[in-house]
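A closer look at the structure
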Amino acid sequence: MRTRFPAVLAATAMTAMLAACGGGDAELSGADEPLRVGASPVPHAEILRFIDENLAEDAGLDLEIKEFTDYIQPNVALDDGSLDANYFQTIPYLEQQEESAGYDFQALEPVHIEPLGIYAETLTDLADLADGATVAIPNDPTNAARALRLLEANELITLADTGDTAPTSLDIEENPKNLEISEVEAAQVPRSLADVDIAVINGNYAIEADLVPAEDALALEEGEGNPNANLLVVRTGDEDDERIQQLEELLHSDEVRQFIEDTYEGAVLAAF
């Protein structure tokens, strides 16, 4: 009769190998898989590439970076499991997205701030803005509210007190220059500069458009105390993933702070 010992020994060896890899079945643990992170091209993906090229290997982290040019798809991809994390948004934007789309996400610690700025192709002083001037602002609720508050901070409009609710264009109480405000998808606002008198542009999209916020903006958001810091976001329950913790540590390292300071010269500010 043919013995079955070799087969039994082979099975035992396979079980031992899987146990050594951290898995009870034929699956490897999450720590053995690349960490898939979605990010806006600038500065988020640039910061992640700096980590990948200079810090990740020593930390034992394998990063897979996917770039997105809009503010909608990174959360869709995180929700459907195509990503393990994304890095592009602020807490106010995340809260609005969770409310409207029903996401169950967890925000981690602030990494950086990209101040919104007011830009123009020909105007050099907001005091010279003409009556009836046209203004482009981002169309998503969070950045629209930030843009309106920046216009108010520069005495171009006055907003109603909306409490904890983000203001919209409908909350403009006073508009002494009769500004015509149009809302445009955030990534497209820089392209509208030729068609409007002024535009309020997110820091990352300003950089992509070869604008230098510290030099070209007619006005910038204040960085200190700004609640709109960008941060890593994961599905709720994944925040303790070893790979997520490794990336969080690297995102808040002295090396990343120095990279932000050296690369963006005030257009992006470390928030840690």
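Below is a short write-up of the structure. (Residues numbered from 1 in each chain as written. Predicted model: local features only at pLDDT ≥ 70, side-chain atom pairs only at ≥ 80, totals over all residues. Heavy atoms only, no water.)

Observations concerning the sheet that holds strand S5 (residues 117-119)
With respect to topology, 5 strands assemble into an open sheet ordered S9-S6-S10-S5-S11, the strand pairing being mixed. Two strands in the sheet have a free side with no partner beyond their single neighbour: strand S9 (180-184) and strand S11 (219-220). Relative to strand S10 (residues 198-201), strand S6 (residues 134-138) runs parallel, the two sharing 2 bridges. Looking at S10, one finds that Ala-136 is bridged to Ala-199. Contacts between helix H6 (residues 141-153) and the sheet are confined to S5, S6, S9, S10 and S11, with S6 contributing the most and set at about 140° to the helix. (Pairing = 2+ DSSP bridges. Helix = DSSP H or I, 4+ residues; strand = E, 2+ residues; numbered from the N terminus. Contact = heavy atoms within 4.5 Å. Axes fitted to C-alpha atoms, helices over the stretch in contact; angles between N-to-C directions.)

Considerations on the side chain of Glu-221
By the secondary structure assignment, Glu-221 is in the loop between S11 and strand S12 (230-235). With a relative accessible area of 13%, Glu-221 lands in the buried category. There is a polar contact of 2.9 Å between the side chain of Glu-221 and the backbone nitrogen of Leu-116. Here Arg-146 takes part through its side chain, which lies 2.5 Å from a polar atom of the side chain of Glu-221. The residues contacting Glu-221, other than those within four sequence positions of it, are Glu-114, Pro-115, Leu-116, Arg-146, Leu-150, Asn-226 and Asn-228. (Buried < 20%, exposed > 50% of the residue type's maximum accessible area, 1.4 Å probe, protein only. Polar contact = N/O pair within 3.5 Å; in protein donor to acceptor, adjacent residues only side chain to side chain.)

So, the environment of Gln-246
Assignment of secondary structure puts Gln-246 in helix H9 (residues 242-251). For the pair formed by Gln-246 and Ala-56, sequence separation is 190 residues and the distance between their alpha carbons is 8.5 Å. Residues within four places of Gln-246 in sequence aside, it is in contact with Ala-59, Gly-60 and Leu-61.

Regarding the packing of aromatic side chains
Here the structure, examined in full by the defined rule, presents 7 aromatic pairs. Here the aromatic rings of Tyr-71 and Phe-88 are separated by 5.9 Å at their centres, their planes lie at 35°, and the arrangement is tilted. With a gap of 17 residues between them, Tyr-71 in the loop between strand S2 (63-67) and helix H4 (73-79) and Phe-88 in strand S3 (residues 85-90) connect regions that are remote in the sequence. Each member of the pair, Tyr-71 as well as Phe-88, carries the same accessibility label: buried. (Phe/Tyr/Trp six-rings, centres within 6.5 Å; stacked < 30°, edge-to-face > 60°.)

Digging into the sheet that holds S12
Spatial ordering of the open sheet is given by S2-S1-S3-S12-S4-S13, a layout of 6 strands whose pairing is mixed. Each edge of the sheet is formed by a strand with only one pairing partner; in this case those strands are S2 and strand S13 (269-270). Judged from the 4 bridges that link them, S3 and S12 form a sheet pairing that is antiparallel. Within S12, the position partnered with Tyr-87 by the bridge is Leu-232. Lying over the sheet, H9 contacts strand S1 (35-39), S2, S3, strand S4 (105-113) and S12, oriented at roughly 175° with respect to S12.

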